[in-house]
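# Structure at a glance
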Amino acid sequence: MIYRREWKCNARGLIIWTAVLCGLVLLMMSVYPSFAENAKEMEDMLELFPAPLQNVFGMNTLNLGTFTGYYGVEVHLINTLVGSVYAALLAAGILAKEENDHTAEFLLSKPVTRAAVTGQKLAAVLTNLFVLNAAITAISFACTGFSDEAVELDILAWYMLAAFLLHVTVASVSFLLSATMRRSRSIVSLALGIVFLSYALHVIAGLSGRFDFLRHVSVFSFVDAAAVANNGIAGRDVTVMLLVILLCCAGAFGYYRNKDIAG
Amino acid sequence: MAIVELNRLTKRYGKRRGIEELTFSIEEGEIFGFIGPNGAGKSTTIRLLLNLIHPTAGSAKVFGKDIVRDSRDIRRDTGYLPSEVHYYDDMKVADLLRYSAGFHGKLDENRMRRLAERLDLDLSRKIADLSFGNRKKVGIVQALLHSPRLLILDEPTGGLDPLMQHVFFDLLKEEQNRGTTIFFSSHILSEVQRMCGRVAIIRDGRLVRVDSVSQLVNSNFKTVVLTFATDAKPQPVRETDLSGVIRQDISGNVQTLLFSGNVRDLLDYARQLPIMDIHIGEPSLEEIFMHEYKSDKEGVYSG
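Residues numbered from 1 in each chain as written. Chains lettered and ligands numbered in written order. Predicted model: local features only at pLDDT ≥ 70, side-chain atom pairs only at ≥ 80, totals over all residues. Heavy atoms only, no water.

## With respect to the overall build of chain A
Filter applied, for reference: Elements are defined by DSSP. Helices are runs of H or I of four residues or more, strands are runs of E of two residues or more, and each kind is numbered from the N terminus. In this setup the radius of gyration rests on C-alpha atoms only. A globule is expected at 2.2 Å times the number of residues raised to 0.38. For each residue, the accessible area found with a 1.4 Å probe, counting protein chains only, is set against the maximum for its type, and the residue is called buried under 20%, exposed over 50%, and partly exposed in between. The contact rule is simple, with two residues in contact once any of their heavy atoms fall within 4.5 Å. Computed with a 1.4 Å probe, the accessible areas rest on the Shrake-Rupley method; for each residue, only the protein chains presented here act as cover. Counting rule for charge: Lys and Arg are taken as positive, Asp and Glu as negative, and neither His nor the chain ends is counted. By convention, the point assigned to a charge is CZ for Arg, NZ for Lys, CD for Glu and CG for Asp.
Looking only at helices and strands, chain A features 14 helices and zero strands. Along chain A, helices and strands appear, N-terminal first, in the series α-α-α-α-α-α-α-α-α-α-α-α-α-α. For a compact globule of 263 residues, the expected C-alpha radius of gyration is about 18 Å, and chain A comes in at 20 Å, within 12% of that figure. Projected onto its principal axes, the C-alpha positions of chain A cover 65 × 40 × 30 Å. Across the 263 residues that make up chain A, the buried fraction comes to 49%. Sequence separation of at least 24 residues holds for 75% of the intrachain contacts in chain A that already meet a minimum separation of 6. For chain A, the exposed area adds up to about 11500 Å²; of that, 67% sits on carbon and sulfur atoms. Between the averaged position of the 17 positive side-chain charges in chain A and that of its 19 negative side-chain charges there is a distance of 21 Å.

Following this line, the structure appears as structure tokens:
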């Protein structure tokens, strides 16, 4: 019931965000063939960027002349950042909106357990994220058609997995906020704040070696294209993300079970 | 069998007052009034019964089941009309009712249409476009639709015009005839007096008393209206002249007393007055309640 309702409610948002993200991927990748042709000139030009900036975008490690290198620098950032914004918006609102709009008084007076409400809403979030990522993956793999040479598909798959893991991590943190707080607007602001702060920390970490330790704090560093392209996602980082997901979801269930619903 | 049973049920919200050690029970098939001024704790009590909030201490049972542990089972057979009705703005009335019925099992389309027709509610309208009164009607249908064993109504008549109130009360009577128990919270005494068999009076989160409406109305209290001759001026009654006057009020040449003393003393006293008319009747619940409320408050101040 609730799952179906959430699926319907969020369908429009999902379609729009999926269309926009897939469109961006397609747009960026459609430039790749002409880029690859003049790879040498382009690389020379990009060399003019200051070194720290190159580091932030992974341009010093990734080879822009290859499909996965170009994808890592130009597209992966969009997937991770824009997708995280979507994940945050979606998950932050999904539980809290019932209390915010006073419909919780209706919903929770029906014969459903709090766990079922939480579970179905969480399932709706995960389904939406899965659909979004499946669409991005499909379009990204389709874009390999732009490349004349063989594409390192395993690296592309790592990018996809990294983006999905990041989205789910961001969503579960936002979902926990949604379960514990009351006002939708402040939750959305807080969730987006976390996303952008986390991204900012990743940028700072790349800019200067002095702040390299921040790489261990920001989830965006965990899924950084340059690192992922070299040796996949670090086992430690995967563990941290899975742990965050698990703890946040468990926390959301536990808290919402005993929450006093505001009248 | 008791359908609702509160046992020292308590809810505290930090500094804000909730309810304190409420104990009473509601029998199967009765319409039980729950009255008190705004902020007395009526909604808090109801929201505890539905497990929207959790008790601080004490316990309560509905259908013999614990309100926290077996809340879902309880809600399966309960219809709830909140004092402020909020639904999903993107839905149409029929969508909302179908969604609601979906939680209870099968939707009875006929019953939905019949109820909507009685209340003059258009099922095809969008919730967002409805007036306050029409939203309330959606709430009423939503609460009644699955033919619950227990109806919990929190200030149900707010927003309904008199004609609709009449229809609504008829619906409630029909439900009662089917054996439904109704918990009727209100601050409007006349409707409680009209509908309910027994009432619980609550104030500042505490139970003042539980009694049958007739008991409350009959309990020795009389309203006495003395109409004086046009040239006479009513004087306040002094305790030495007549004992048992609880409240008195003079307006023009009409004096109204709330009286609980001996009627013969009253007549002896009245005989000496230049009155043209005397009327002795039963007070309304309103008057008793005012008295109950006032004397309690005085008690608090002096103690």
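Further notes follow.
## Notes on the sheet that holds strand β4 (residues 57-62) of chain B
Residues and elements named next belong to chain B. The condition that has to hold: Should DSSP find at least two bridges between two strands, the strands are regarded as paired. Axes, fitted as lines to C-alpha atoms, cover a helix only where it is in contact. Angles between the N-to-C directions of the axes lie from 0 to 180 degrees.
With respect to topology, four strands assemble into an open sheet ordered β2-β1-β4-β5, the strand pairing being antiparallel. Whereas interior strands pair on both sides, the edge strands pair on one side only; in this sheet they are β2 (16-27) and β5 (65-66). When β4 meets β5, the two strands line up antiparallel, connected through two bridges. Across the sheet, the residue bridging to Lys61 is Asp66, located in β5. Seen against the sheet, helix α1 (residues 42-49) touches β1 (2-13), β2 and β4 and runs at an angle of roughly 115° to β1.

## Some details on the pattern of salt bridges
Going by this rule: In the sections that follow, a salt bridge refers to a side-chain nitrogen of Lys or Arg positioned within 4 Å of a carboxyl oxygen of Asp or Glu.
Counting across every chain of the model gives 27 salt bridges over all chains. Where Arg182(A) meets Glu99(A), a salt bridge forms, and the shortest distance between an N and an O atom there is 2.6 Å. A residue pair is termed long-range when its members are at least 10 positions apart, and Arg182(A) in the loop between α10 (153-180) and α11 (184-207) and Glu99(A) in helix α7 (residues 96-100) qualify at 83 residues. Given a relative accessible area of 6%, Glu99(A) falls into the buried group. With a shortest N-O distance of 3.2 Å, Asp73(B) and Arg76(B) are connected by a salt bridge. On the criterion of helical spacing, the pair formed by Asp73(B) and Arg76(B) is a turn pair, its members being three residues apart in helix α2 (residues 71-76).

## A short note on the environment of Lys136(B)
Residue and element names in this part refer to chain B. The residue Lys136 is located in helix α5 (residues 132-144) in this model. C-alpha separation for the pair Lys136 and Leu160, spaced 24 residues apart in sequence, amounts to 7.4 Å. Lys136 has contacts with Leu81, Pro82, Ser83, Val85, Asp154, Glu155, Pro156, Gly158 and Leu160, leaving out every residue within four places of it along the chain.

## Quick word on the interface of chain B and chain A
We count it as follows: Summed over both partners, the accessible area lost on bringing two parts together, with a 1.4 Å probe, is the buried area.
Contact residues are listed per partner, giving 25 residues for chain B and 26 residues for chain A. Interface area for chain B against chain A, summed over the two sides, is near 2300 Å², with a carbon-plus-sulfur share of 58%. Linking chain B with chain A are three salt bridges, by the criterion used here. Between Glu105(A) and Arg47(B) there is a salt bridge, with its nearest N and O atoms 3.0 Å apart. Counting only elements with at least two residues in the side of chain B that touches chain A, the list comes to α2 and α3 (93-104) of chain B. The element contributing the most residues to the side of chain B that touches chain A is α3(B), with six residues.

## Some words on the sheet that holds strand β9 (residues 198-203) of chain B
All names here are of chain B. One open sheet accounts for six strands, arranged β6-β7-β8-β3-β9-β10; its pairing is mixed. Each of the sheet's edge strands pairs with one partner strand only, and the pair in question is β6 (78-81) and β10 (206-212). Adjacent strand axes in the sheet meet at a mean angle of 15°, parallel and antiparallel pairs treated alike. Where β9 lies against β10, six bridges are found, and the strand directions are antiparallel. Its bridge partner being in β10, Ala200 is matched across the sheet by Val210. The strands touched by α5 within the sheet are β6 and β7 (150-154), with β6 carrying the most contacts at an inclination of about 170°.

## Section: a nonpolar patch on the surface
All names here are of chain B. We apply this condition: Candidate patch residues must exceed 30% relative accessible area and have no salt bridge, after which like charges are joined if within 9 Å and Val, Leu, Ile, Met, Phe, Trp or Tyr side chains if within 5 Å.
Residues Val263, Leu267, Ile278 and Ile280 make up a contiguous nonpolar surface patch of roughly 280 Å² in combined accessible area. Contributions of two or more residues to the nonpolar patch are made by α9 (263-271) and β14 (275-281). Following the sequence through the fold, Val263 ends up in helix α9. Taking the relative accessible area as the measure of exposure, Val263 reaches 35% and is therefore partly exposed.

## Observations regarding the confidence of the model for chain B
Close inspection of predicted coordinates is inappropriate for parts of the model with low pLDDT. Residues and elements named next belong to chain B. Let me state the cut-off plainly: Values of pLDDT, which run from 0 to 100, indicate the predictor's confidence residue by residue.
Looking at chain B as a whole, the pLDDT averages 90, with 95% of positions reaching at least 70. In the predicted structure, residues 299-303 sits below a pLDDT of 50 and forms zero contacts with residues beyond four places in sequence or in another chain. Among the prediction metrics, the complex's ipTM stands at 0.88, with pTM recorded as 0.87.

## Section: the packing of helix α6 (residues 76-94) of chain A against α11(A)
Residue and element names in this part refer to chain A. Keep this limit in mind: Here roughly perpendicular refers to angles of 65 to 115 degrees, roughly parallel to angles under 35, roughly antiparallel to angles over 145, and oblique to all remaining angles. Handedness of each helix crossing follows the sense of rotation of the near helix against the far helix: counterclockwise by less than a right angle gives left-handed, clockwise gives right-handed. Residue polarity follows a fixed list, in which Ala, Val, Leu, Ile, Met, Phe, Trp, Tyr, Cys and Pro are nonpolar, Asp, Glu, Lys and Arg are charged, and the others, Gly among them, are polar.
The contact between α6 and α11 brings their axes to 8 Å, and the two run at 160°. Classified by the interaxial angle, the pair formed by α6 and α11 is roughly antiparallel. Every pair of crossing elements has a handedness; the one defined by α6 and α11 is right-handed. Across from Leu77, Leu81, Ser84, Val85, Ala88, Leu89 and Ala92 in α6, the residues of α11 making contact are Ile187, Val188, Ala191, Leu192, Val195, Phe196 and Tyr199. In terms of residue class, the contact of α6 with α11 is made up of 13 nonpolar, one polar and no charged.

## Some details on helix α4 (residues 109-118) of chain B
All names here are of chain B. This is how it is decided: Directions pointing from the helix axis toward each C-beta atom define the arc.
Taken together, the buried positions of α4 are Arg111, Met112, Leu115 and Ala116. For α4, the angular spread of buried residues about the axis comes to 130°, placing them on one side. Exposed side chains of α4 directed beyond 90 degrees from the buried face belong to Asn110 and Glu117. In this fold, the buried residues of α4 make contact with α3, α5 and α6 (162-177). Backbone geometry just after α4 places Asp120 at a positive phi near 60°.

## Considering the side chain of Asp237(A)
Worth spelling out the cut-off: We call two N or O atoms a polar contact when they sit within 3.5 Å, provided that within protein one can donate a hydrogen and the other can accept it, with sequence-adjacent residues counted only if both atoms are side-chain atoms.
Counting through the fold element by element, Asp237(A) comes out in helix α14 (residues 235-257). At a separation of 2.9 Å, a polar atom in the side chain of Asp237(A) contacts the side chain of Arg236(A).

## Focus: unusual backbone geometry
Residues and elements named next belong to chain B. For Arg8, which is not a glycine, the phi torsion comes out positive at approximately 50°. Tracing the sequence through the fold places Arg8 in strand β1. For Arg8, a relative accessible area of 48% corresponds to the partly exposed category. Phi at Asn51 takes a positive value of approximately 65°, unusual for a residue other than glycine. Following the sequence through the fold, Asn51 ends up in the loop between α1 and β4.

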